[in-house]
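Chain residues, written in single-letter form:
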Amino acid sequence: MKIPLVVGNWKMHGTQADCFDRARMIAKDLDETPASVEVAVAPPFTALAPVKQAIGNSKVQLAAQNCHWQQNGAFTGEVSPTMLRDIGCDFVILGHSERRHIFHESDVFVAKKMNAALESGLRIILCVGETLQERRKRQTLRIISRQLRIALKGAIKDGIDKIEIAYEPVWAIGTGHNATPEQISQVHAGIRLFLVKSFGEEIGSQVRILYGGSVNPDNAPELAKTANVSGLLVGGASLKPETFLPIVRSFTEN
Ligand code: 13P
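Residues numbered from 1 in each chain as written. Predicted model: local features only at pLDDT ≥ 70, side-chain atom pairs only at ≥ 80, totals over all residues. Heavy atoms only, no water.

(A) Representation of the site of the ligand within the structure. Taken together, N9, K11, H96, E168, A172, I173, G174, G213, S214, L233, G235 and G236 make up the full set of residues adjacent to the ligand. E168 places a polar side-chain atom, nitrogen or oxygen, 3.0 Å from an oxygen atom of the ligand. Of all the cavities here, the one that holds the ligand is the second largest pocket. A breakdown of the residues in the shell around the ligand according to their chemical character gives three nonpolar, seven polar and two charged. (Near = heavy atom within 4 Å. Polar contact = N/O pair within 3.5 Å; in protein donor to acceptor, adjacent residues only side chain to side chain. 1 Å grid on protein atoms, 1.4 Å probe; cavity = no way out; pocket = protein on both sides within 12 Å on 5 of 7 lines; lining within 4 Å. Sits in = over half its atoms within 2 Å of the grid points. Nonpolar A, V, L, I, M, F, W, Y, C, P; charged D, E, K, R; others polar.)

Below is the structure:
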């Protein structure tokens, strides 16, 4: 089994200097006291270069928050997977609910981006999750299966080991209401079943399934122990090293 992965999604927060300092503090702390987890941070595009410089040769990896589905072309305002590799990114987050809901990114868009990102050698954190209305209608697993089926369509067997799935219920993002361990383990078990059915036991059982949505230092230890949780995707609480680092260490201390 792979070691857990903890990712800080910094969304649209921070100047280059803010992000550099935040990244340097995280990298320094993890170098001094290593944690037995993989760690990545996802700054805004404008801070990718300074954060790459700040993390240097440390264990902290670099993630982008989005990319386009072509490697170059006339797409004003977009950034391609090749450009992200060029700047030193290891990962890209795709299908985040803010992209799906605010920017109307469809499952098909996400699938195209997945293929382009894999082609360029990026690893992918693929976000899936239901809205509150969908949960109330008991459609959670149906919605997530659809998101997975379409996004992973082009993920050739060789690509699946480059993909992490992040379950982020839309109603838990930025609300202070995290999903309960029961809700999470139920959905993660459904995702695991989907992966095993689609890619076979050996490959499907290896894919990490992260949880995201109002993770903080208080709830992280319980989330880290929850069945089927192989990592965390952290928003607000990743903006300060003093709240992000205890979350990273919640796996080490289990
Ligand atoms: P919060 O941790 O702020 O709820 O955000 C979660 C998220 O969207 C991470 O990608």
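(B) Summary view of the packing of helix α7 (residues 140–151) against helix α8 (residues 181–199). Packing of α7 against α8 brings their axes to within 10 Å, and their N-to-C directions diverge by 40°. Comparing their axes, α8 and α7 come out oblique. The way α7 lies across α8 gives a crossing that is right-handed. From α7, T140, L141, I144, S145, L148 and R149 reach across to α8, where they touch V187, G190, I191 and F194. (Axes fitted to C-alpha atoms, helices over the stretch in contact; angles between N-to-C directions. Helix = DSSP H or I, 4+ residues; strand = E, 2+ residues; numbered from the N terminus. Parallel < 35°, antiparallel > 145°, perpendicular 65-115°, else oblique. Left-handed = near helix turned anticlockwise from the far one by under 90°. Contact = heavy atoms within 4.5 Å.)

(C) Fine view of the nonpolar core. Membership of the largest hydrophobic core comes to 67 residues, with the highest contact counts inside it found for L126, L152, I163, I191, L195 and L232. Per element, the largest residue contribution to this core is six residues, and it comes from α8. Those residues in contact with I191 that lie beyond four places of it in its chain are V128, I144, L148, I165, Y167 and I209. Residues L5, A40, A42 and L210 belong to the second largest nonpolar core, which totals twelve residues. (Core = buried A, V, L, I, M, F, W, Y, C linked by side-chain atoms within 4.5 Å. Buried < 20%, exposed > 50% of the residue type's maximum accessible area, 1.4 Å probe, protein only.)

(D) Representation of the sheet that holds strand β8 (residues 231–234). Read around the closed barrel, eight strands run β1-β2-β3-β4-β5-β6-β7-β8, paired in parallel fashion. The mean angle between the axes of side-by-side strands here comes to 25°, regardless of whether they run parallel or antiparallel. Two strands pair when backbone bridges link them, and strand β2 (residues 38–42) and strand β3 (residues 60–64) are joined in this way by three bridges, in the parallel orientation. What sits directly across from V41, in β3, is L62. This element, α8, spans β5 (123–128), β6 (163–167) and β7 (209–212) of the sheet and lies at about 150° to β7. (Pairing = 2+ DSSP bridges.)

(E) The arrangement of the pairing of β5 in detail. Across the six residues that make up β5, a large majority, five, are buried. Here four bridges tie strand β4 (residues 91–94) to β5, and the two strands are oriented parallel to one another. Paired with F91 across the bridge in β5 is R123. Direction of pairing for β5 relative to β6: parallel, over a ladder of five bridges. Bridge pairing in β6 places V128 opposite Y167.

(F) Geometry of empty space enclosed by the protein. Enumeration according to the criterion identifies one cavity of 30 Å³ or more in this entry. The wall of the largest cavity is formed by G95, H96, S97, R100, C127, V128, G129, Q147 and E168. Here the lining of the largest cavity is built from residues that sort into two nonpolar, five polar and two charged. (Points joined across faces, edges and corners; volume = space filled by probe spheres on them.)

(G) Examining helix α1 (residues 16–32) more closely. Helix length check: α1 (17 residues) gives 24 Å between terminal C-alpha atoms against 24 Å at 1.5 Å per residue, within 8%. Residues of α1 that are buried: C19, R22, A23, I26, A27 and L30. The arc that holds every buried residue of α1, seen down its axis, measures 125°, which confines them to one face. When the buried face of α1 is taken as reference, the exposed residues oriented beyond 90 degrees from it are K28 and E32. (Expected span 1.5 Å × (residues − 1). Arc of directions from axis to C-beta.)

(H) Spatial organisation of the packing of aromatic side chains. Taken as a whole and judged by the stated rule, the model has two aromatic pairs. The cationic tip of R99 hangs over the ring face of F103; the distance from NZ or CZ to the ring centre is 4.2 Å. K112 extends its terminal NZ or CZ atom over the ring of W69, reaching a point 4.4 Å from the ring centre. (Phe/Tyr/Trp six-rings, centres within 6.5 Å; stacked < 30°, edge-to-face > 60°. Lys NZ or Arg CZ within 6 Å of the ring centre and 35° of its normal.)

(I) Looking closely at the pairing of β8. The side-chain alternation of β8 yields two buried faces, one formed by G231 and L233 and the other by L232 and V234. As judged from the four bridges shared by strand β1 (residues 5–9) and β8, these two strands associate in the parallel manner. Across the sheet, the residue bridging to V7 is L233, located in β8. Here β7 runs beside β8; their pairing, made up of two bridges, is parallel.

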